[in-house]
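Structural characterization, general
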Amino acid sequence: MTAKAGPEIRSRMRRYIEQRLLTKGDGAPLHDEDLLFTSGRLDSLDAVELVMSIETDYGINFADIGFDLTRLDSIS
């Protein structure tokens, strides 16, 4: 996500990520600045699922923008 994402998109992404975390038994609070991948809360499979979801829901092609996992490491 980027700083340009509006509140509705952030809210949708938070719900999606919270569901992924819950399936892993992680019910800890999730804040926009929390690190998801570098902290180990999410793993590489979650990254693939997240990218696929963003591509499908928002029409973003990560191959076109030069995918970098650090850009998805938090909701922010």
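Now for a quick tour of the structure. (Residues numbered from 1 in each chain as written. Predicted model: local features only at pLDDT ≥ 70, side-chain atom pairs only at ≥ 80, totals over all residues. Heavy atoms only, no water.)

Here's the deal with the nonpolar core
Let me state the cut-off plainly: Among the buried residues, those of types Ala, Val, Leu, Ile, Met, Phe, Trp, Tyr and Cys that are joined through side-chain atoms within 4.5 Å form a nonpolar core. Three labels apply to residues, based on accessible area from a 1.4 Å probe with only protein chains included: buried if under 20% of the type maximum, exposed if over 50%, partly exposed otherwise in between. In this text, helices come from DSSP runs of H or I with a minimum length of four residues, and strands from runs of E with a minimum of two, each type numbered from the N-terminal end.
Counting 14 residues, the largest nonpolar core has Ile17, Phe37 and Leu72 as its most contacted members. Those elements that place two or more of their residues in this core are helix H1 (7-23) and helix H2 (44-58). Ranked by the residues each element gives to this core, the list is headed by H2, at four residues.

Observations concerning the pattern of salt bridges
Convention followed: Salt bridge criterion: a side-chain nitrogen from Lys or Arg within 4 Å of a carboxyl oxygen from Asp or Glu.
Overall, the coordinates contain eight salt bridges when judged by the stated rule. When the shortest N-O distance is used, the salt bridge between aspartate 43 and lysine 24 registers 3.2 Å. Of the two residues, aspartate 43 sits in the loop between H1 and H2 while lysine 24 sits in the loop between H1 and H2, which places them 19 residues apart along the sequence. The exposure class assigned to aspartate 43 is partly exposed, which follows from its relative accessible area of 36%. Lysine 24 gets classed as partly exposed once you look at its relative accessible area, which sits at 40%.

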